[in-house]
Structures are given as structure tokens and as C-alpha cells.
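Survey of secondary and tertiary structure
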Amino acid sequence: MSFVTLKEILRGTRENGYAVGAFNFNSYEDVQGIINGAVAKNAPVIVMASMGAVKYIGLKATAYMVRGIAESAEIPVCLHLDHATDLDLIRKCIDVGFTSVMIDASMKSYEENIQETASIVAYAKKMGCSVEAELGRVGGREEEVIVDEASAAFTNPEDVPDFVKRTGIDALAIAFGTAHGFYKKEPKLDYERIAAIAEITEIPLVMHGGTGVSEEGFRKAIRNGISKVNVGTELKATYVSAIRDVTAKNPGEGDPRKYMCSVKQDCSEVVQRKIDIFGCAGRG
Ligand code: G3H
Ligand code: ZN
């Protein structure tokens, strides 16, 4: 097994034209399904817990559970805290063994975003943990982070070198037209913006709001410089419909494992399809 940082798992992505999939989980079954899917494809994988997921599962339980699963998986696994705004929780996740955290201060001013991010980077670096931050604002709702259409803002390429230099981050989430949650209409992605940012910085670039993006949309984003692709809502929907399916087919089912095995299986299949699109199969 290898339990690795975000910096390590994203090394070589842009040069080799692929991205690593980053998938949100909320319990044992979905994270096991995600890792099983990556093992089936011999692909590196990033598993992401939101602040809500960490609170739901428990801080130590989240870290130890993922580490335990990763220990028997012969692929690189990165455990990432997603969209965190609570600095205290971020430090606790670093202390307990997360290998990556995202500090999301994108709703704050540019200078405040830099200051908060830099303070987390200073703490994380000492502990050997990676940090992702966001510049610009990805729209939609990601649990407690809600950005309405008027507040969403594309990343300005000109700000990127200064932000990266002054924060010392390991990966940068950029806004170029994706949004969190299901899309009401087909998103218009600004691929030229990705290319312009990739042109001026070597920092690995992160695409949020992967649910509902077309296969061609993913491929084009990766070709233009995306190294990490986040998918959350699609897995949540898969989780719930797996349980509904078992209930519909066998309303009298009394063994909880029958429900949960189908969650694992269906999440694994979603992840395998994404891995094929992201081009990271065989790179585990
Ligand atoms: O940070 C998580 C992702 O950006 C998930 O976005 O729920 O739209 O797939 P999604
Ligand atoms: Zn996100």
C-alpha cells in the first residue's frame, strides 16, 4: 500500500496528459467502493471527506478507516479534506493523519484568502501534509459552502503566480465554468482559461463540480492542464439509488450487508468509468 500526499499523487499528471480522480465519500461502503474501483483499474485515487463527512463518521474513525482500507490496496491512496473553512478542524485532520487538506477561503477577500491559506500551509508542511486552495469562486452548493450564481467568479490567470508564491500551496482549484451539484443546463467551460493558467504556473490545477460534465468536457479540461478532477454528487446519488434498488427488488431483505454491498459495487463502477475517462488507469 502507499498512503500518499496530494503533491505526490499528482506528480507527472500534466506532463503525461492525465488526471487523478478525487471522489467524495460519506461512510465505509462508498469509500471502500471507490478504492475497490481504483484497484480494479490499477489507478491512483484521492478519497475526499467534507467537513460534514468528518463530523458524521468521526475524526479518528475517518482517518484510521481509510488508512486501514488503503493498507490492503496496492495503489497510491490520498486522504483529502475537501472544502474546509474551519481552521481548527483542518489542523485536527492534519494531526490525525490526513495526507491532504483543502482550505477554502475563496469567499474571503484576495488578501484574506492568502493569509488563511498560508497559515494552514505553514502548519501542514511541518506535518508532511499537502494543501489545496481555491482562487476565484466555483458556483453551486457543496454542503456548507454555498455560492450563488452572482457570487461565482472565474479565476483570473494574472492573480495565480502571486497567489501560489505567497501561499506555498501544492494544488490550486480554479473556477472556469463548472459548478457543484447537478447542472440545470449544460455548463459552458472556459478551456482557454485553463490553458492560460497552466501556461503561467506549474502548480497542479483542480477541477471541481465533476458531476454532469460530459466525457469530452473532462478530456478537454485535462488536455488543457487539469490534474485532479473532483466528483461528489454523482456518488451520493449512486449510493442512494443502490439502496432504493435493493429495497424495490426485495422489500423483505433483512441483511444490511445486502444493501451495503450494492452501494460498494455501484460506487466502484462509477469510479471505474471515470478513471477510464481521466486517463489514470494503469498508473497505480
Ligand atoms: O469538491 C467536490 C467536488 O467539487 C464535487 O462536485 O458534487 O458537483 O461532483 P460535484
Ligand atoms: Zn468542490
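Look a little higher up for the structure.
If you're wondering where the values come from, they're calculated on a predicted model, not measured in any experiment.

**Focus: the nonpolar core**
- Counting 92 residues, the largest nonpolar core has I226 and F278 as its most contacted members.
- The dominant element in this core, judged by the number of residues it contributes, is helix α12 (residues 256-278), at 7 residues.
- Every residue in contact with I226, bar those within four places of it in the chain, is listed here: Y18, A19, I174, F176, I194, L205, V206, M207 and A221.

**A few points about the pattern of salt bridges**
- This model, assessed by the stated rule, comprises 11 salt bridges.
- Two residues, D162 and R166, come together in a salt bridge whose shortest N-O distance is 3.1 Å. Taken together, the residues D162 and R166, both in helix α8 (residues 160-167) and 4 residues apart, mark about one turn of the helix.
- Taking relative accessible area as the criterion, D162 reaches 31% and is therefore assigned partly exposed.
- Look at R166 and you get partly exposed, because its relative accessible area is 39%.
- Each of E111, D162 and R166 takes part in salt bridges that share partners, so that together they form one network.

**Things to note about the site of ligand 1**
- Around ligand 1, the structure places 16 residues, and the nearest of them are D82, G209, T211, G232 and T233.
- Here an oxygen atom of ligand 1 and a side-chain polar atom of D82 are 2.6 Å apart.
- At 3.1 Å from an oxygen atom of ligand 1 is found a side-chain nitrogen or oxygen belonging to N230.
- Going through the elements one at a time, β4 (76-84), β10 (179-180) and β12 (226-231) are the ones with two or more residues in the shell around ligand 1.
- Each residue belonging to the shell around ligand 1 can be placed in one class, and the counts come to 3 nonpolar, 11 polar and 2 charged.

**Observations regarding the packing of helix α11 (residues 233-249) against α12**
- Orientation of α11 relative to α12, taken along the N-to-C sense of each, is 140°, at an axis distance of 8 Å. It follows that α11 is oblique to α12 by the angle criterion. In terms of crossing hand, the pair formed by α11 and α12 is right-handed. When α11 is examined against α12, the residues E234, L235, T238, Y239, A242, I243, V246 and T247 are found in contact with a partner set consisting of K258, Y259, M260, S262, V263, D266, C267, V270, V271 and K274.
- Along the lines of polarity and charge, the residues of the contact of α11 with α12 split into 11 nonpolar, 3 polar and 4 charged.

**Side note on the coordination of the zinc ion (ligand 2)**
- Surrounding the zinc ion (ligand 2) are the protein donor atoms H83 (NE2), H180 (NE2) and H208 (ND1), which sit 2.0 to 2.1 Å from the metal.
- Look at where the donors of the zinc ion (ligand 2) fall in the sequence and you get H-x96-H-x27-H. Taken together, the residues H83 in strand β4 and H180 in strand β10 connect sequence positions 97 residues apart. In this structure, H83 and H180 share a single accessibility class: buried.

**Points about the sheet that holds strand β7 (residues 139-142)**
- Taken in spatial order, the 3 strands of this open sheet run β8-β7-β10, and their pairing is mixed. Every interior strand has two partners, whereas the edge strands, β8 (145-147) and β10, have only one.
- When β7 meets β8, the two strands line up antiparallel, connected through 3 bridges. By the bridge assignment, G140 is partnered in β8 with V147.

**Observations regarding the side chain of D82**
- By secondary structure assignment, the location of D82 is in strand β4.
- One buried charged residue, D82, forms no salt bridge at all, with the nearest opposite charge on K228 at 5.2 Å.
- At a separation of 3.1 Å, a polar atom in the side chain of D82 contacts the side chain of N24.
- If we skip the residues at most four places from it in the chain, D82 touches N24, M48, A49, S50, M51, M102, E142, H208 and N230.

Cut-offs used in this document
- Residues numbered from 1 in each chain as written.
- Chains lettered and ligands numbered in written order.
- Predicted model: local features only at pLDDT ≥ 70, side-chain atom pairs only at ≥ 80, totals over all residues.
- Heavy atoms only, no water.
- Core = buried A, V, L, I, M, F, W, Y, C linked by side-chain atoms within 4.5 Å.
- Buried < 20%, exposed > 50% of the residue type's maximum accessible area, 1.4 Å probe, protein only.
- Helix = DSSP H or I, 4+ residues; strand = E, 2+ residues; numbered from the N terminus.
- Contact = heavy atoms within 4.5 Å.
- Salt bridge = Lys/Arg side-chain N within 4 Å of Asp/Glu carboxyl O.
- Near = heavy atom within 4 Å.
- Polar contact = N/O pair within 3.5 Å; in protein donor to acceptor, adjacent residues only side chain to side chain.
- Nonpolar A, V, L, I, M, F, W, Y, C, P; charged D, E, K, R; others polar.
- Axes fitted to C-alpha atoms, helices over the stretch in contact; angles between N-to-C directions.
- Parallel < 35°, antiparallel > 145°, perpendicular 65-115°, else oblique.
- Left-handed = near helix turned anticlockwise from the far one by under 90°.
- Donors = N, O, S within 2.8 Å, 3.2 Å for Na, K, Ca; no water.
- Pairing = 2+ DSSP bridges.
- Lys, Arg positive; Asp, Glu negative; His and termini not counted.

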